[in-house]
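Close look at the chain arrangement
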Amino acid sequence: MTDLIGLHGIGLEVQRPVRTRILQPLSLTVEVGTSLAVVGPSGAGKSTLASIIGALQPASEGSYDFDGQRVELFGPRDRSRFRAANIGFVFQHALLIDERNAWRNVALGQVDPAVPPARVEERSREALDRVGLGGIADRGAALLSGGERQRVAVARAVVKQPRLIIADEPTGSLDQRTGEAVLDLLFSLPDSGTTLIIVTHDHRAADMADRCIEIVDGELVA
């Protein structure tokens, strides 16, 4: 398989308010169309690693290769373009706009202004079909259950067909049965070639992933 992601000595140290090491330098590769679980105690640096991979914040050292693109060289504007073109995000809370219906929330995942509005709606409804919610595309977000809201969030992440999905504690606010359904959905994505990185405390996710790494005190230990 081909590597999608190559991290080489990537680390993060902040200078303010005091000099603090957040993430020790680490190296990691992730292959195209595979799933990786990142586990470890709270505050260990898991989400920091995910945010660097997702180009939400730059590392303070090391190099980051994404299919030939040197991400660590990007400025803020280039990182924004890179995220929009390549990465979808799913967080612990769905972060939906309650005043919008389901498909209009999914439409927020499409950022290309050249796509006609009718096509945006069509793609949004198709993404909801993909996560099993095609029948509630016109339902207001405020009326959705917790599991439905999280599946809408997944649809919003996949609607632009990103190469990478980063899910940060996607089952953290869900009951066991609903969480299992969301995990089944997320771990089906690599079947279509999408790479999945999931930050989690959920042992079920770690068991389902192709690979699992552990971060403790900002250091890759396993």
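Coordinates for the structure precede this section.
Here is a short report on the structure shown in this document. On a predicted model such as this, the values are computed, not experimentally measured, just so you know. (Residues numbered from 1 in each chain as written. Predicted model: local features only at pLDDT ≥ 70, side-chain atom pairs only at ≥ 80, totals over all residues. Heavy atoms only, no water.)

Remarks on the packing of aromatic side chains
Heads up, the condition is: Classification of ring pairs rests on two measures: the distance between centres of Phe, Tyr or Trp rings, Trp counted by its six-membered ring, which must be within 6.5 Å, and the angle between planes, read as stacked under 30 degrees, edge-to-face over 60 and tilted in between. A run of DSSP states H or I qualifies as a helix once it reaches four residues; a run of E qualifies as a strand once it reaches two. Both are numbered from the N-terminal end. For the exposure calls, accessible area comes from a 1.4 Å probe over protein chains only, and a residue counts as buried if that area is under 20% of its type's maximum, exposed if over 50%, partly exposed in between.
A complete count under the given rule lists three aromatic pairs for this structure. Between Phe 66 and Phe 82, the aromatic rings sit 4.9 Å apart at their centres with planes inclined by 90 degrees, giving edge-to-face as the arrangement. Taken together, the residues span a long stretch of sequence, with Phe 66 in strand E4 (residues 61–66) and Phe 82 in helix H2 (residues 76–86) at a distance of 16 residues. The class for Phe 66 is buried, based on a relative accessible area of 0%.

Considering the environment of Arg 83
Inclusion rule: The contact rule is simple, with two residues in contact once any of their heavy atoms fall within 4.5 Å.
Note that Arg 83 resides in helix H2. Look past the residues within four positions of Arg 83 in its chain and what remains in contact with it is Gly 54, Ala 55, Leu 56, Phe 89 and Lys 160.

A word on helix H4 (residues 117–130)
Convention followed: How far a helix is expected to stretch is found by multiplying one less than its residue total by 1.5 Å. This arc is taken over the directions from the axis of the helix to the C-beta atoms.
Compared with an ideal rise of 1.5 Å per residue, which puts 14 residues at 20 Å, H4 spans 20 Å between its outermost C-alpha atoms and is within 8% of the ideal. All of the buried residues in H4 are Val 120, Ser 124, Ala 127 and Leu 128. Down the axis of H4, the sector holding all buried residues measures 100 degrees, keeping them to one side. Facing away from the buried side of H4 by more than 90 degrees, the exposed set consists of Ala 118 and Asp 129. Of the surrounding elements, those touching the buried residues of H4 are helix H3 (102–107) and helix H5 (146–158). Once H4 ends, the next one or two residues include Gly 132, with phi positive near 80 degrees.

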